[in-house]
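Tertiary structure, described
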Amino acid sequence: MTSKIWGGRFSAGPAAIMEEINVSVGFDQRLAKQDLNGSRAHCSMLVAQGIVSHEDGDAIQEGLTRIEKEIVAGNFLFKRALEDVHMNIESRLADLIGTPAGRLHTARSRNDQVATDFRMWVRAAIETLDEDIRKVQSALIDKAEAHADTIMPGFTHLQAAQPVTFGHHLLAYVEMFGRDRGRLMDARTRLNECPLGAGAIAGTSFPIDRHLTAEKLGFDRPMANSMDAVSDRDFALEFLAAASILATHMSRLAEEMVNWSSAQFGFIRFTDAFSTGSSMMPQKRNPDAAELVRGKTGRIYGGLLALLTVMKALPLTYSKDMQEDKETVFAAFDTLELCLAATAGMVVDMKPNAEKMRASADADGLITATDLADWLTQTLNIPFRDSHHITGKIVKLAEGKGVGLAALSLADMQMAEPRITQDVFRVLTPEASAASRTSYGGTAPDNVRKQAAEARTRFLTRT
């Protein structure tokens, strides 16, 4: 009799419930390529060690090749009753070659098999994302070089702070994405140890060569402890952590794009390719792509928290809870791929409005206050804290008159500091301010051009 607790969906009682909660082939079939490669390497090692005959080994390899062709052609039938991708492939191998198929699983458990396949999948995902991020960086560098001289306000607390160039602003994201690539590749280095041969938990009594298997699969070495090999998911957690920081950086850039494309800012404009209209308001041009990149960040954060929660109380070694590791990683990868493509597209598509940016940089005429304070220190040898205080007085005077600093008279300036000369006015334009920031990493246009060229070499040149 069906339990009412489980509802009307399940007609066969607990057995149906078990199949529904246990089956994973709907999502883990994405590991098919890795599973086939892992089986090929394992089979070769078994033959090399004399554990499986050459004849059976050849039959297994031929069968695996046929299965691969079926999967690539879309003719492979993944069966829910067989639970996961590993058992589906093993069952099909038995259909194709008969008895020799049963020898493939010698000295191997699904525990080490799954862990190996998943590591190989994450390794490939990292390599794909590295190239995707590189494309975003390339688009940003191109745009930065084109706008090395374009003046805009730089913000702190979302308040206009000092003049910067649009190119300099974009290069900040190039650096962020560079660190993302570094984190992902660091994670790749740590995950590149092979669990295969660890067995279910304790290793095996068969005379296997785990170093050979690891080498065939492109790993640096076999994992040193069989219990750790089958139970570790640090590599998935580290991938999701790096993915979350990458998503944060994309979200920050997306937020800037949303702001910049608004009528209130008017700094950039998207074409129809990356904006949408309103069903009610004909004048609207909405930055939906940027908003969705910003919004999808939550999915990736959720995946990290979900897997952390799964792993936080698991005793050694394998528990079925760990089947929950893959969907979060797969989903994060898919989301990142989409968002990176959208981000690269938006960077290429956006059309900066240099005039609007320049006007905003000098909207109240006070953005060069720091330059005034620097001039007082550099020219009159006034300690900076005193210069800051004097400048504050001059800013207050300008605000009272409703003008910018450059519109004050020399007499006005000298009310705060009698030694100020006419020379001060040459530093009070946004262009002069930006040009003066020549320190390493500063916003001076010549700096920006050098920084863009250096970034192109550092991030885009393939070694």
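Residues numbered from 1 in each chain as written. Predicted model: local features only at pLDDT ≥ 70, side-chain atom pairs only at ≥ 80, totals over all residues. Heavy atoms only, no water.

Details of the overall build of the chain
- The number of helices and strands found in the chain is 18 helices and six strands.
- Whereas a compact globule of 463 residues would reach a radius of gyration of roughly 23 Å, the chain reaches 31 Å, over 25% beyond that.
- Dimensions of the chain, computed from the C-alpha atoms along their principal axes, are close to 100 × 50 × 40 Å.
- A buried classification covers 49% of the 463 residues belonging to the chain.
- Sequence separation of 24 or more characterises 74% of the internal contacts of the chain that already satisfy a separation of 6 or more. (Helix = DSSP H or I, 4+ residues; strand = E, 2+ residues; numbered from the N terminus. Rg over C-alpha atoms; globule rule 2.2 N^0.38 Å. Buried < 20%, exposed > 50% of the residue type's maximum accessible area, 1.4 Å probe, protein only. Contact = heavy atoms within 4.5 Å.)

Regarding the pattern of salt bridges
- According to the stated counting rule, one finds 30 salt bridges in the structure shown.
- For the salt bridge of R110 with D84, the shortest nitrogen-to-oxygen distance reads 2.6 Å. With R110 in helix α6 (residues 110-146) and D84 in the loop between α4 (54-73) and α5 (85-97), the pair connects residues that are 26 residues apart, well separated along the chain.
- By relative accessible area, which is 28% here, R110 ends up partly exposed.
- Of the charged contacts, one joins E131 and R462 as a salt bridge, the two residues approaching to 2.9 Å between their closest N and O atoms. Taken together, the residues span a long stretch of sequence, with E131 in helix α6 and R462 in the segment after α18 (445-460) at a distance of 331 residues.
- Of the residues examined, R462 reaches a relative accessible area of 58% and is grouped as exposed. (Salt bridge = Lys/Arg side-chain N within 4 Å of Asp/Glu carboxyl O.)

Brief notes about the side chain of Q323
- Structurally, Q323 can be placed in the loop between α11 (288-311) and α12 (325-349).
- Apart from the residues within four sequence positions on either side, Q323 is in contact with I21, N22, V23, S24, F27 and Y318.

Overview of the packing of helix α3 (residues 32-48) against α5
- Between α3 and α5, the least distance of the axes is 10 Å, while the angle of their chain directions is 55°. Between α3 and α5, the interaxial angle falls into the category oblique. As α3 packs across α5, the resulting crossing turns out to be right-handed. Two secondary-structure elements touch here, α3 through A32, D35 and L36 and α5 through V85, H86 and I89.
- Within the contact of α3 with α5, the residues separate by chemical class into four nonpolar, one polar and one charged. (Axes fitted to C-alpha atoms, helices over the stretch in contact; angles between N-to-C directions. Parallel < 35°, antiparallel > 145°, perpendicular 65-115°, else oblique. Left-handed = near helix turned anticlockwise from the far one by under 90°. Nonpolar A, V, L, I, M, F, W, Y, C, P; charged D, E, K, R; others polar.)

Describing the pairing of strand β1 (residues 151-156)
- Sheet topology note: the β1/strand β2 (residues 159-165) ladder contains six bridges and is antiparallel. Bridge pairing links I151 to T165 in β2.
- In this antiparallel pair of consecutive strands, β1 and β2, the connection spans two residues, and H157 shows a positive phi of 60°. (Pairing = 2+ DSSP bridges.)

Description of the confidence of the model for the chain
- Residues at a pLDDT of 70 or more form 95% of the chain, whose mean pLDDT is 94.
- Counting contacts from residues 1-6, a segment whose pLDDT is below 50, to residues more than four positions away or on other chains yields seven contacts. (pLDDT = per-residue confidence, 0-100.)

A short note on unusual backbone geometry
- Following L316, the chain continues to T317 via a peptide bond in cis, the omega torsion being 10°.
- Residue E83 is not a glycine yet carries a positive backbone phi of 80°.
- Position of E83 among the secondary structure elements: in the loop between α4 and α5.
- At A107, a residue that is not glycine, the phi angle is positive and equals roughly 60°.
- If you trace the backbone, A107 turns up in the loop between α5 and α6.

Here's the deal with the state of the cysteines
- Enumeration over the complete set of coordinates arrives at zero disulfides.
- Note on C43: no disulfide assigned, nearest cysteine sulfur contributed by C194 at a separation of 15 Å.
- Given a relative accessible area of 0%, C194 falls into the buried group. (Disulfide = S-S within 2.5 Å.)

Observations regarding the side chain of S231
- Its place among the elements puts S231 in helix α9 (residues 226-231).
- Polar contacts involving the side chain of S231 include one to the main-chain carbonyl oxygen of M227, which spans 2.8 Å.
- Among all residues touching S231, those that are not within four sequence positions of it are M311, L316, T317, Y318 and M322. (Polar contact = N/O pair within 3.5 Å; in protein donor to acceptor, adjacent residues only side chain to side chain.)

Observations regarding the packing of aromatic side chains
- Counted according to the given criterion, the structure contains eight aromatic pairs.
- With centroids separated by 5.4 Å and ring planes inclined at 70°, the aromatic side chains of F166 and W260 adopt a geometry described as edge-to-face. Note that F166 is positioned in helix α7 (residues 166-191) and W260 in helix α10 (residues 234-260), a separation of 94 residues in sequence. With respect to burial, F166 and W260 carry one shared label: buried.
- Here a set of aromatic residues connected by ring pairs shows up, and it is made of F118, W121, F235, F330 and F333.
- Sitting over the face of the ring of F330, R30 holds its NZ or CZ atom 4.9 Å from the ring centroid.
- In this arrangement the basic side chain of K326 is found over the ring face of F118, its NZ or CZ atom lying 5.4 Å from the centre. (Phe/Tyr/Trp six-rings, centres within 6.5 Å; stacked < 30°, edge-to-face > 60°. Lys NZ or Arg CZ within 6 Å of the ring centre and 35° of its normal.)

Some words on the packing of α3 against α4
- Interhelical geometry of α3 versus α4 gives an angle of 170° and a closest axis separation of 10 Å. On the basis of their axis angle, the class for α3 and α4 is roughly antiparallel. Contacts between α3 and α4 pair A32, L36, S39, R40, C43, S44 and V47 from the former with H54, G57, I60, Q61, L64, T65, I67, E68 and I71 from the latter.

Observations regarding α6
- Given a rise of 1.5 Å per residue, 37 residues ought to cover 54 Å, and the 54 Å separating the end C-alpha atoms of α6 matches this to within 8%.
- Among the 37 residues in α6, 27 count as buried, and that is most of the element.
- Capping the start of α6 is the job of one residue whose side-chain oxygen sits 2.9 Å from the backbone nitrogen of N111: S109. (Expected span 1.5 Å × (residues − 1).)

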